[in-house]
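# A look at the structure
One-letter residues, chain by chain:
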Amino acid sequence: MILKSGWNRRSFLSVLGAATGSLFAPRAAIAEKKEKDEKHGIDGHPIVPIKSGLGSTGDVYKELGVTPLVNIVGTVTVIGGSVMKPEVMELMRQGNQHFVLINELEVAAGRYIEKLCKTPPGYTGLVTGGVAAGIVVGYAGMLTEDLEPRLKACPDLTGFPKTEVIIQKAHRNNFDHQVRQTGVTLVEVETKEQMINAINPKTLAMHYINIQSDRGQVSGREMIEIATKANIYTFNDASADVPPKERLWEYPAQGWDFVAFSGGKDICGPQASGILIGKEKLIRWAQMNMSPQEDRIGRSSKVGKETIFALLKALELFVNQDYDAVIKSYDERAEVISKAIAKFGVTALPREFEPQALGNVTPHYSWQIDQTKLKITSQEVIHQLAETKPVGIGSLNADAGGMRGRNPDAPANQPEHHHRQQDPTKFGFAMWQLKEGEDKYIADRLVEIFSAAPKA
Ligand SMILES: *Cc1c(COP(=O)(O)O)cnc(C)c1O
């Protein structure tokens, strides 16, 4: 890849039109320590009693009339992804205390990401408004470079030299919309030979969906090799693919130009955050395409200072966590449930855990119903659990997939079916996003369900 000569961080900042930090000497006096005796709540915020209006009853969900859910689905955006740890909330508060040049903060955050994620030389990080936003600004960066007319024009790619992105047919997914959003044309291929033959002077990049690695015919490594030879970029969407945390450094080290991870999944950062790791020049071009810059495709991909600080803390906690201990805590939750329902002849099956799964790596727990004792199917159990507010089970809840558009050709009132066929004697659900005490809540509800089930 030919580095554009003359590029450096300084010229980047001047292109952004950002004043340099030195214009604003740190005013320590402003950052005065808050009163020491301030009482802190569990999220680290000083407790400010809300005496009127929203939040004054202590149950803000009820005040708005929305149902809080117990998450037995996993880190899915439709129900809010994940929940931040108290330290992350605290960084959100601290990060909100001052004004700062967002571009300068992003560059500094990138340096911190370099350390946490042990990025290869020449790589840095960027905090984005989620992986979807990272895809938009990443592709926009490859397209526009640092050329002002192109930055303004994207997604109208008239006159852009390279506008095609190669993707394996088996890697098409709901998020390649964000690649297409930049105006590029996706070129689908299946075999390695087709991939090589698809390369032409208009080819900008190759897009890879890590979690679908087992579906395409061309591996990530092969794709990098082909793209490098042809001098075109590569982007690996590894959104849901940590833990294991090692992937944060292993994937960039494979040579991708960009790798993207969600901040709001199991990293447990702010819901609308993501991490883009990439070659520094490309990261700067991506940054030039996003907020706070105006007249850019990524102006809608805004990341606030609070989000940046909180994401860094979440990432720091994530890379330092003892994952064995985390798994043990999941085991303990499952144990609470197993013990409660054993008396109905419902037995815990051996935990399934594939630490090298491609994504959403977490232990799976399931239970077996003894049909000689109880006349209830696993589908009925899950259905009843789903109908129990506030327990949410994504695939059964009406809004599980988010709001979908109407198919004008479909017969009226035909519900969308996306139920998986399962063994009627086995049921299971996700344990990893439960909050403290919710294992007991589910155990109690299962006891009610099994108590009411007809005996065989
Ligand atoms: C979740 C997900 C995304 C979107 O990530 P956000 O951080 O929610 O924007 C993109 N690609 C894949 C494969 C995902 O699983």
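Residues numbered from 1 in each chain as written. Predicted model: local features only at pLDDT ≥ 70, side-chain atom pairs only at ≥ 80, totals over all residues.

The protein carries the name L-seryl-tRNA(Ser) seleniumtransferase in an unreviewed UniProt entry, which gives Edaphobacter modestus as its organism. Of the protein, the UniProt comment under Cofactor (unreviewed entry) reads exactly: "pyridoxal 5'-phosphate". On record in UniProt, under Sequence similarities (unreviewed entry), the comment for the protein is "Belongs to the SelA family." (UniProt positions renumbered as here; feature names shortened; annotations may be inferred.)

## Considerations on unusual backbone geometry
Among all residues except glycine, the phi angle is most often negative; among peptide bonds, the trans geometry is most common. In this model, cysteine 154 is joined to proline 155 through a cis peptide bond whose omega is 20°. Here proline 155 is to be found in the loop between helix 6 (148–153) and strand 3 (164–168). Cis rather than trans, the peptide bond between serine 291 and proline 292 has omega equal to 10°. Tracing the chain through its elements places proline 292 in the loop between helix 11 (280–288) and helix 12 (305–320). The residue lysine 118 is not glycine, and still its phi comes out positive at about 45°. Following the sequence through the fold, lysine 118 ends up in the loop between helix 4 (102–116) and strand 2 (123–128). The phi torsion at asparagine 360 lies on the positive side, around 45°, for a residue other than glycine. Using a count of 19 C-beta atoms within 10 Å as the deciding quantity, one classes asparagine 360 as partly exposed. (Helix = DSSP H or I, 4+ residues; strand = E, 2+ residues; numbered from the N terminus. Buried ≥ 20, exposed ≤ 12 C-beta atoms within 10 Å, placed from the backbone.)

## Describing the sheet that holds strand 2
The sheet built from 7 strands is open, its strands ordered 2-8-7-6-5-3-4 with mixed pairing. For this open sheet the edge positions go to strand 2 and strand 4 (185–189), each flanked by a neighbour on one side alone. The mean angle between the axes of side-by-side strands here comes to 25°, regardless of whether they run parallel or antiparallel. For strand 7 (residues 258–262) and strand 8 (residues 274–279), the ladder comprises 5 bridges, and the chain directions are antiparallel. Looking at the pairing, phenylalanine 258 lines up with glycine 278 of strand 8. (Pairing = 2+ DSSP bridges. Axes fitted to C-alpha atoms, helices over the stretch in contact; angles between N-to-C directions.)

## Brief notes about the UniProt feature "modified residue: N6-(pyridoxal phosphate)lysine" (unreviewed entry) in the protein
The UniProt feature table records "modified residue: N6-(pyridoxal phosphate)lysine" (unreviewed entry) at Lys265. Secondary-structure assignment places lysine 265 in the loop between strand 7 and strand 8. Residue lysine 265 is classed as buried on the basis of its C-beta count, with 25 C-beta atoms lying within 10 Å. When near neighbours in sequence (up to four residues on either side) are disregarded, lysine 265 contacts Thr75, Gly81, Ser82, Ser239 and Ala240. (Contact = placed C-beta atoms within 7 Å.)

## Section: the confidence of the model for the protein
On average, residues of the protein score 88 in pLDDT, and 85% of them reach the 70 mark or higher. For the stretch residues 17–38, pLDDT sits under 50, and the model shows 9 contacts to residues farther than four places along the chain or on other chains. Note that residues 415–419 has pLDDT below 50 and, in this model, 3 contacts with residues that lie over four places away or in other chains. (pLDDT = per-residue confidence, 0-100.)

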